[in-house]
Amino acid sequence: MSTLLIDPIQIMAPPSLSCRLIVLTGPSGVGKGTLVKKLLLRHQELWLSVSATTRVPREGEIDGQDYFFFEQQKFDDLINNDGFLEWAEFAGNFYGTPIKEVREKLDIGRPVLLEIELNGARQVRKTFPDALQIFLAPPSFDELERRIRGRATDTEEAIQRRLTRAKDELNASNEFDAVVINDDIDLAFLKLEEAIGFQ
Ligand code: 5GP
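Notes on the structure in this doc start here. (Residues numbered from 1 in each chain as written. Predicted model: local features only at pLDDT ≥ 70, side-chain atom pairs only at ≥ 80, totals over all residues. Heavy atoms only, no water.)

## Topic: the site of the ligand
Working step 1: Lining the immediate environment of the ligand, one finds 16 residues, of which Ser51, Arg55, Tyr67, Tyr95 and Glu115 sit closest.
Working step 2: One nitrogen or oxygen atom from the side chain of Ser51 is found 2.6 Å from an oxygen atom belonging to the ligand.
Working step 3: Protein coverage of the free-state accessible area of the ligand, which is 510 Å², stands at 96%.
Working step 4: Of all the cavities here, the one that holds the ligand is the largest pocket.
Working step 5: Here the shell around the ligand is composed, by residue class, of five nonpolar, four polar and seven charged. (Near = heavy atom within 4 Å. Polar contact = N/O pair within 3.5 Å; in protein donor to acceptor, adjacent residues only side chain to side chain. Areas by Shrake-Rupley, 256 points an atom, 1.4 Å probe, with all protein chains shown as cover. 1 Å grid on protein atoms, 1.4 Å probe; cavity = no way out; pocket = protein on both sides within 12 Å on 5 of 7 lines; lining within 4 Å. Sits in = over half its atoms within 2 Å of the grid points. Nonpolar A, V, L, I, M, F, W, Y, C, P; charged D, E, K, R; others polar.)

## Topic: the sheet that holds strand β6 (residues 84–90)
Working step 1: With mixed pairing, the four strands of this open sheet are ordered in space as β5-β4-β7-β6. In this open sheet, the two edge strands, each paired with only one partner strand, are β5 (68–69) and β6.
Working step 2: Across two bridges, strand β4 (residues 52–53) lies against strand β7 (residues 93–98) in antiparallel orientation. Note that in β7 the partner of Ala52 across the bridge is Gly96.
Working step 3: Strands in contact with helix α2 (residues 72–80) are β4, β6 and β7; relative to β6, the strand with the most contacts, it is inclined by about 135 degrees. (Pairing = 2+ DSSP bridges. Helix = DSSP H or I, 4+ residues; strand = E, 2+ residues; numbered from the N terminus. Contact = heavy atoms within 4.5 Å. Axes fitted to C-alpha atoms, helices over the stretch in contact; angles between N-to-C directions.)

## Points about the packing of aromatic side chains
Working step 1: Inspection of the entire model under this criterion finds eight aromatic pairs.
Working step 2: Their ring planes at 35 degrees and their centres at 4.6 Å tell us that Phe75 and Phe84 sit as a pair that is tilted. In terms of burial, Phe75 and Phe84 fall into one category: buried.
Working step 3: Aromatic ring contacts, followed pair by pair, group Tyr67, Phe69, Phe90 and Tyr95 into a single cluster. (Phe/Tyr/Trp six-rings, centres within 6.5 Å; stacked < 30°, edge-to-face > 60°. Buried < 20%, exposed > 50% of the residue type's maximum accessible area, 1.4 Å probe, protein only.)

## As for the pattern of salt bridges
Working step 1: Throughout the structure, instances matching the rule amount to 15 salt bridges.
Working step 2: Between Lys38 and Asp186 there is a salt bridge; the shortest N-O distance is 3.5 Å. Residue Lys38 is found in helix α1 (residues 32–42), and its partner Asp186 is found in helix α7 (residues 185–196); the two are separated by 148 residues along the sequence.
Working step 3: What makes Asp186 partly exposed here is its relative accessible area of 45%.
Working step 4: We note a salt bridge from Arg125 to Glu175, for which the minimum N-O separation is 2.8 Å. Taken together, the positions of Arg125 in helix α4 (residues 118–127) and Glu175 in the loop between α6 (156–171) and β10 (178–181) put the pair 50 residues apart, joining distant regions of the chain.
Working step 5: Of the residues examined, Arg125 reaches a relative accessible area of 25% and is grouped as partly exposed.
Working step 6: Overall, the relative accessible area of 30% leaves Glu175 in the partly exposed class. (Salt bridge = Lys/Arg side-chain N within 4 Å of Asp/Glu carboxyl O.)

Geometric values such as these leave the question of function open.
In structure tokens, the structure reads:
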């Protein structure tokens with residue numbers, strides 16, 4: 001079983017809620033969604049940006065809640081009208097953060113959370129250099145593969161694309177202000193709160 005060479009927690013920048021924009025990145029299947037749900041329940045001042053995507057909805061996903069599910073043309077129109085804070089292609093689909101609501105929330109001082117992949121996080125780093133960037137890592141690559149396969153919603157081709165992409169993302173974890181390993185969900189949650197600056 002391959003093990004990732006990442007310390008359980010690395011916090012390179014002093015975390016603070018004055019970093020009003022928080023970016024959470026990590027490979028597909030690492031458990032970002034579960035941790036984000038827990039964060040929103042516990043810290044209701046946080047506002048989670050709903051992304052747009054060209055991916056087809058998974059069973060149970062609700063338009064406008066999980067994602068805005070866009071046709072490619074609509075997605076392209078938003079790109080051309082500077083409607084995205086960032087956008088990226090991921091495993092054959094496009095994903096982007098609509099900028100309007102993010103700006104509105106930041107303007108009224110509400111902390112904003114983005115749950116996005118690596119290339120998007122890199123774009124945000126350029127436009128919002130003060131954003132707090134957190135990377136969520138699996139305890140090992142094998143465990144990540146098990147979780148992705150366990151989800152059983154994707155085709156084998158999609159799974160392979162996600163696994164290939166996961167390797168690139170894991171190699172970039174040292175670009176982030178903090179790395180949290182999601183081995184035990186409750187422990188990871190505490191570490192995530194700590195990284196964000198919640199007590
Ligand atoms: P999924 O298809 O599993 O919902 O998401 C695939 C990947 O896209 C995940 O890593 C997720 O974090 C990322 N993602 C979701 N929304 C956005 C977005 O608005 N921008 C970018 N760059 N990535 C996103």
